[in-house]
Amino acid sequence: MQTLNDLSRAPVALEPASTLIAVIEMSLSSWLVAGVVPGIGRQPLKKLAVDEGALLRLLHRWREEAEKAGCRIERIVVAFEAGRDGFWLARWLKARGIEAHVIHAASVAVSREHRRAKTDRLDTELLKRAFLGWLRGERDHCKVVAIPSLKEEDAKRPNRERESLVCEQSRIVNRMKAALIRLGIRGFNPKLKRAAGRLDSLRTPDGEPIPPNTLAELRRDMERRRFVSNQIRQIEDARLERLEQAPDDEPHAMVRLLARVIGVGIETADMLVHEVLSRNMRDRRAIARYAGLTGSPDESGRKRREKGLARSGNARVRRGMIQLAWRFLTYQKESALAQWYRARTQNANSARKPMIVALARKLLIALWRFVRQGVVPDGVVLRPAQ
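Below or above, wherever it landed, is the structure these notes cover.

What counts and what doesn't
- Residues numbered from 1 in each chain as written.
- Predicted model: local features only at pLDDT ≥ 70, side-chain atom pairs only at ≥ 80, totals over all residues.
- Heavy atoms only, no water.
- Phe/Tyr/Trp six-rings, centres within 6.5 Å; stacked < 30°, edge-to-face > 60°.
- Lys NZ or Arg CZ within 6 Å of the ring centre and 35° of its normal.
- Core = buried A, V, L, I, M, F, W, Y, C linked by side-chain atoms within 4.5 Å.
- Buried < 20%, exposed > 50% of the residue type's maximum accessible area, 1.4 Å probe, protein only.
- Helix = DSSP H or I, 4+ residues; strand = E, 2+ residues; numbered from the N terminus.
- Contact = heavy atoms within 4.5 Å.
- Axes fitted to C-alpha atoms, helices over the stretch in contact; angles between N-to-C directions.
- Parallel < 35°, antiparallel > 145°, perpendicular 65-115°, else oblique.
- Left-handed = near helix turned anticlockwise from the far one by under 90°.
- Nonpolar A, V, L, I, M, F, W, Y, C, P; charged D, E, K, R; others polar.
- Pairing = 2+ DSSP bridges.
- 1 Å grid on protein atoms, 1.4 Å probe; cavity = no way out; pocket = protein on both sides within 12 Å on 5 of 7 lines; lining within 4 Å.
- Points joined across faces, edges and corners; volume = space filled by probe spheres on them.

**Considerations on the packing of aromatic side chains**
(1) Moving on: On inspection of all chains with the given rule, the structure shows two aromatic pairs.
(2) Moving on: The ring of W340 has K362 lying over it, and the distance from NZ or CZ to the ring centre is 5.0 Å.

Right under this line is the structure:
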């Protein structure tokens, strides 16, 4: 049975006399490592080049210093903030018997002074204090994120690459349309197959052809758009091939099951499964928080106001679920969730947008229960199983 991603506190009780703790402030060119070494009064601080081997040697040297001081080290714990380097270092350390954790960067409290000092040394002190509180089991010192395997990280790449390519395709099309509108040419669709052949026949309102430099630019943009479109098609075909080759693989089975819900396409199903539904979340509240579909109240004394979505979760899941919630109202009109939404917005049109977020949150939790426990949401119509 898989363990849940309950990272609100340390899984093992902290024994300060036998635990070596290190935090790393990572940058592109160097690492600053700060340690808490039992038996040594000083707080060691060492700047290293970006070299995992040097980091391992430093940790072993600190362990030897602690043992010379009479402290037997049974546990080495390393932490660093999530950033550009991702999770490769945490996986590398775990493979060598060192406990590694990745801290959510925005969860570390900093001074609210307008002109506060900020250096790598001070950042390591903040990380050290926050991580020590987490290791002691105290709440709200920092948030530690789950470390995915290399396979889990790689499974997210096709959907994210496709999202990036779709945005790139839209930028190219918008750039071509803007170039034509500057010449007074409207109503031309550059996405059609025969669009490139029609460029020579286009005329400005003055009856002039498209200037040569602009024409060359448009042809290059059309070639670029065609290339991007082919790449999107390759990603989609490869995904369908993977689903057919290994239909019983757990993530693939979830995608196929989720795609049976009318209104949920294969793209949305693939994104939801690999971004959130395949993760072993603790409960429905953890699902909503991870998706960024919870509120951010601002209450102090008599002041009571809502600042909108917390926006601290997965932005892809949040955008996808809000879009899916609008589609859900069209394709699943008789479902209990759609009726719940209509009952609360029937006489209050201004509440439609805030309530769509609540619907997206309820829908995500319902889909999570559907793929995890097989509980079909009330009134939801499914496609026949294939």
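Further notes follow.
**Some remarks on the nonpolar core**
(1) Moving on: Membership of the largest hydrophobic core comes to 44 residues, with the highest contact counts inside it found for L258, L272, M321 and L364.
(2) Moving on: Counting residues per element, the ones that place at least two in this core are α7 (250–258), α8 (266–277), α9 (284–290), α10 (315–331), α11 (336–345) and α12 (352–373).
(3) Moving on: Looking at this core, the element that brings in the most residues is α12, giving 14 residues.
(4) Moving on: Filtering out sequence-adjacent residues up to four positions away, L364 remains in contact with L272, V276, L277, I287, A291, L293, V317 and M321.
(5) Moving on: Among the nonpolar cores identified, the runner-up in size contains 26 residues, and L20, L56, A66 and V78 belong to it.

**Side note on the packing of helix α6 (residues 212–245) against α8**
(1) Moving on: The interhelical angle for the contact between α6 and α8, taken along N-to-C directions, is 70 degrees, at an axis separation of 12 Å. By the angle between their axes, α6 is roughly perpendicular relative to α8. Every pair of crossing elements has a handedness; the one defined by α6 and α8 is left-handed. Two secondary-structure elements touch here, α6 through E236, R239, L240 and L243 and α8 through I266, E267 and D270.
(2) Moving on: Looking at side-chain class alone, the contact of α6 with α8 contains three nonpolar, no polar and four charged residues.

**Observations concerning the side chain of T204**
(1) Moving on: Within the secondary structure, T204 is located in the loop between α5 (195–198) and α6.
(2) Moving on: Relative accessible area serves as the criterion here: at 13%, T204 is assigned to the buried category.
(3) Moving on: Excluding residues that lie within four positions of it along the chain, T204 makes contacts with L183, I185 and P209.

**Side note on the pairing of strand β8 (residues 303–309)**
(1) Moving on: Sheet topology places strand β7 (residues 295–300) next to β8; five bridges connect them, and they run antiparallel. When the bridges of β8 are listed, P297 appears paired with E306.
(2) Moving on: The hairpin turn running from β7 into β8, its antiparallel successor, is two residues long, and G301 in that turn takes a positive phi close to 65 degrees.

**With respect to the layout of surface pockets**
(1) Moving on: By volume, the largest pocket amounts to about 1500 Å³.
(2) Moving on: Lining the largest pocket we find 41 residues, and of these H104, V144, V145, Y290 and S312 sit closest to its centre.
(3) Moving on: Contributions of two or more residues to the lining of the largest pocket are made by β6 (144–145), α4 (150–182), α9 and α10.
(4) Moving on: In terms of residue count, the dominant contributor to the lining of the largest pocket is α4 (four residues).
(5) Moving on: Of the residues in the lining of the largest pocket, the class split is 15 nonpolar, 13 polar and 13 charged.

Everything listed here is a matter of coordinates, which is why it stays silent on function.
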